[in-house]
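Structural overview for review
Given next are the chains, with one letter for each unit.
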Amino acid sequence: MWADGRESDDADRLDDRGEATTTTTTGGTTATPTSTGTTAEPTTGEPDPCAASPQALADCIDPAAYAEDLQFIADVRTPGTPHWQAVQDLCADRLSELGYQVVLMDYGTGVNVVGRRLGKTTPEQIVVVAAHYDHISDCRGADDNASGVAATLEIARLLAKTEFDRTVHVACWDEEEDGLIGSEAYVAAAKAAGDDIVVNFNFDMIAFTSAAEDSQTVPVGFELVFPEAYAELEANQFRGDFIAVMSSAKANAHAAAYAAAADRIGLRRALIELPGGQETSDLFADLRRSDHAPFWDAGYPAVFLTDTSEFRYANYHCMAGPDEVANLDLDFAAAVTRATVEASAVALGM
């Protein structure tokens, strides 16, 4: 639960060259592609040491690259605006450069960007890593959710370094702020196609921390449903210095893998496992306010990674001031990204 980690020591197609192409679909399907395409990073013929294990892969994150993407993404990007389009293009171009098959899923009111790499032995099983790229008007949205999109792109870079047993989908969702519309469209298409989604790791706000006492609050009634988590938060003087790891019962093993990865690198985390069958309950409305909720509703396992939004960060949606990169803890965000690389690689069968 609220624990300290400890350091231990579009239609799919390929062009005639077999390279990944970007295509656009309307509605579409989440069926797995027929090839993984090519990776963009040059190789020397020697095994990449980063691909030796999930831990080695996680330890190859590039905090500077994360920070550079975050800085670019963090500007006003209301759907339809020039910077919204620029971030959509960034997601599509980056994934394509990394060798993913990129689908621009135009579902009518918005566009999801989904990159796909086929698994070696069980390609019908899918692991989804995702974050929403839209935001509200008149607010730069650095934490919400430039922090999550930058993490998603860095994870995409690392997952492209090797092959996995399972298929990976890396997604930038649209219209989260308008009611989870983009992720709902993806999940509806996945259900219609009969997709086997093993787990969704979903980012929404992962970069704000506070070491001040009483900087962390919780939803009304949290202490009644999660008394152990509340007791550990209380013992830490309600400091907002952890990543919340919220899991549906079907995703508990993946949440535990994330917790183990966090513990390995000394990342403080809070593991919050919802009671089985209660993922859709209004009782947990405050734990359902992002793009993991459509996965929970459809019965797919999902893990929500968040710094808890306004329960810690007064500048959520620019309510008390601007949501700027300068407010954020980039070392913390890099650590959250690093742990997710490891947990994702484990889920993919590495």
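Owing to the predicted nature of the structure, the values given are computational and were not obtained by experimental measurement. (Residues numbered from 1 in each chain as written. Predicted model: local features only at pLDDT ≥ 70, side-chain atom pairs only at ≥ 80, totals over all residues. Heavy atoms only, no water.)

A few points about unusual backbone geometry
As a reminder of what qualifies: Starting at the N terminus, helices and strands are each numbered in turn, a helix being any DSSP run of H or I of at least four residues and a strand any DSSP run of E of at least two. Residue burial is assigned from relative accessible area. The probe radius is 1.4 Å, only protein chains are included, and a residue is buried under 20% of its type maximum, exposed over 50%, and partly exposed in between.
In this chain, D144 is followed by N145 through a cis amide linkage whose omega measures 0 degrees. Turning to its location among the elements, N145 is positioned in helix α4 (residues 142-159). The phi torsion at S309 lies on the positive side, around 60 degrees, for a residue other than glycine. Residue S309 is classed as buried on the basis of its relative accessible area, which comes to 9%. The phi angle at H317 is positive, at roughly 55 degrees, despite the residue not being glycine. Assignment of secondary structure puts H317 in the loop between β9 (302-306) and α10 (330-347).

Brief notes about the pairing of strand β6 (residues 196-203)
Filter applied, for reference: A strand pair is defined by DSSP finding two or more bridges across the two strands.
The element β6 is extensively covered by neighbouring structure, given that seven of its eight residues are classed as buried. In this structure, strand β4 (residues 122-132) lies alongside β6, joined through seven bridges in parallel fashion. Residue pairing across strands places V128 opposite N200, the latter belonging to β6. The pairing of β6 with β9 spans four bridges and is classified as parallel.

Things to note about the pattern of salt bridges
To keep things clear, this is the line we draw: Here a salt bridge means any side-chain nitrogen of Lys or Arg lying within 4 Å of a carboxyl oxygen belonging to Asp or Glu.
Enumeration over the complete set of coordinates arrives at 14 salt bridges. The salt bridge partner of E213 is R239, with a shortest N-O separation of 3.5 Å. Placement of the pair is E213 in the loop between β6 and α6 (222-225) and R239 in the loop between α7 (227-235) and β7 (243-247), with a sequence separation of 26 residues. The shortest N-O distance in the salt bridge between D286 and R289 comes to 3.6 Å. Using a relative accessible area of 35% as the deciding quantity, one classes D286 as partly exposed. What emerges from the salt-bridge pattern is a single network uniting D59, R264, R338 and E342.

Topic: the state of the cysteines
Where we set the bar: The disulfide definition used here is simple: a pair of cysteine sulfur atoms within 2.5 Å.
Under the counting rule described, the total for this entry stands at three disulfides. The side chain of C91 participates in a disulfide bridge whose partner is C172; the two sulfur atoms lie 2.4 Å from each other. Around the S-S axis, the bridge from C91 to C172 shows a dihedral of about -90 degrees and counts as left-handed. Remark: C172 occurs in strand β5 (residues 166-173) and C91 occurs in helix α3 (residues 82-97); sequence separation between them is 81 residues. Like C91, the residue C172 is buried in the burial classification. Sequence-ordered numbering of the bonded cysteines in the protein chain yields a pairing of 1-2, 3-5, 4-6.

Nothing here speaks to function; it is all geometry.
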